[in-house]
Amino acid sequence: MNKNLLGLHKLTTLKVNNISKLIDLSQFIFLTEKLLKLYQLEQVGNTSFVFENGSFTVAFCLKESHICIHTWPEIQSLTMDVYLCNYSQDNSEKVRKITDSLIHYFEGIILKQIEVAR
């Protein structure tokens, strides 16, 4: 059994020059659902909101925890929150790989990144 059952929580702030990525909620949801299948994670729900300027906030609630994104095209930024518990298996590498995939999708430059062993 994994010693750290509470898992890994990765918090990231990006600078994103490609503004279209920061206002395309449907493409982000499509990508995230592909990542959930790839890493065999179970989605229990999601919710999102698109603001007047096209920015969005979205949260995927997972059986294993969550993925949240908040975009700010007006300042070319986003914040990302990827957290998976380790109850049934060590998901730490999945957290890192999902985060890396999302950074790649947004073509982001990392401004700040923190890993928290819960």
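Residues numbered from 1 in each chain as written. Predicted model: local features only at pLDDT ≥ 70, side-chain atom pairs only at ≥ 80, totals over all residues. Heavy atoms only, no water.

Engineer: Go over helix 3 (residues 92–106) with me, naming the residues and quoting the values.
Structural biologist: For helix 3, with 15 residues, the first-to-last C-alpha span of 22 Å sits near the 21 Å given by 1.5 Å per residue. For helix 3, every residue scored as buried is listed here: Ser92, Lys94, Val95, Ile98, Thr99, Leu102, Ile103, Tyr105 and Phe106. End-on, the buried residues of helix 3 take up no more than an arc of 170°, which puts them together on one face. (Helix = DSSP H or I, 4+ residues; strand = E, 2+ residues; numbered from the N terminus. Expected span 1.5 Å × (residues − 1). Buried < 20%, exposed > 50% of the residue type's maximum accessible area, 1.4 Å probe, protein only. Arc of directions from axis to C-beta.)

Engineer: Provide a residue-level description of the pattern of salt bridges, including the pertinent values.
Structural biologist: Evaluation of the coordinates by the stated rule reveals five salt bridges. A salt bridge links lysine 21 to glutamate 107, with the nearest nitrogen and oxygen atoms 3.8 Å apart. Note that lysine 21 is positioned in helix 1 (residues 19–22) and glutamate 107 in the loop between helix 3 and strand 6 (109–117), a separation of 86 residues in sequence. Judged by relative accessible area, glutamate 107 falls into the partly exposed class, the value being 48%. Where lysine 63 meets glutamate 42, a salt bridge forms, and the shortest distance between an N and an O atom there is 3.8 Å. (Salt bridge = Lys/Arg side-chain N within 4 Å of Asp/Glu carboxyl O.)

Engineer: Help me get a handle on the environment of valine 82, residues and values and all.
Structural biologist: When you line up the elements, valine 82 lands in strand 5 (residues 77–84). Along the sequence, valine 82 and asparagine 18 sit 64 residues apart, while their C-alpha atoms lie 22 Å from each other. Leaving out residues up to four positions away in the same chain, valine 82 has contacts with Leu8, His9, Lys10, His66, Ile67, Val95, Ile98, Thr99 and Leu102. (Contact = heavy atoms within 4.5 Å.)

Engineer: Can you break down the packing of aromatic side chains residue by residue, with the values?
Structural biologist: Each pair of aromatic rings is reported with the distance of its centres and the angle of its planes. Here the structure, examined in full by the defined rule, presents five aromatic pairs. An angle of 35° between the planes, with centres 5.9 Å apart, marks the rings of phenylalanine 28 and phenylalanine 56 as tilted. Pair noted here: phenylalanine 28 is in helix 2 (residues 25–38) and phenylalanine 56 is in strand 3 (residues 56–62), with a separation of 28 residues, a long-range link. The buried category is assigned to phenylalanine 28, whose relative accessible area is 0%. Among the residues examined, phenylalanine 56 registers a relative accessible area of 1% and is labelled buried. Ring centres 4.8 Å apart and planes at 75° place the aromatic pair phenylalanine 49 and phenylalanine 51 in the edge-to-face group. A relative accessible area of 44% places phenylalanine 49 in the partly exposed class. (Phe/Tyr/Trp six-rings, centres within 6.5 Å; stacked < 30°, edge-to-face > 60°.)

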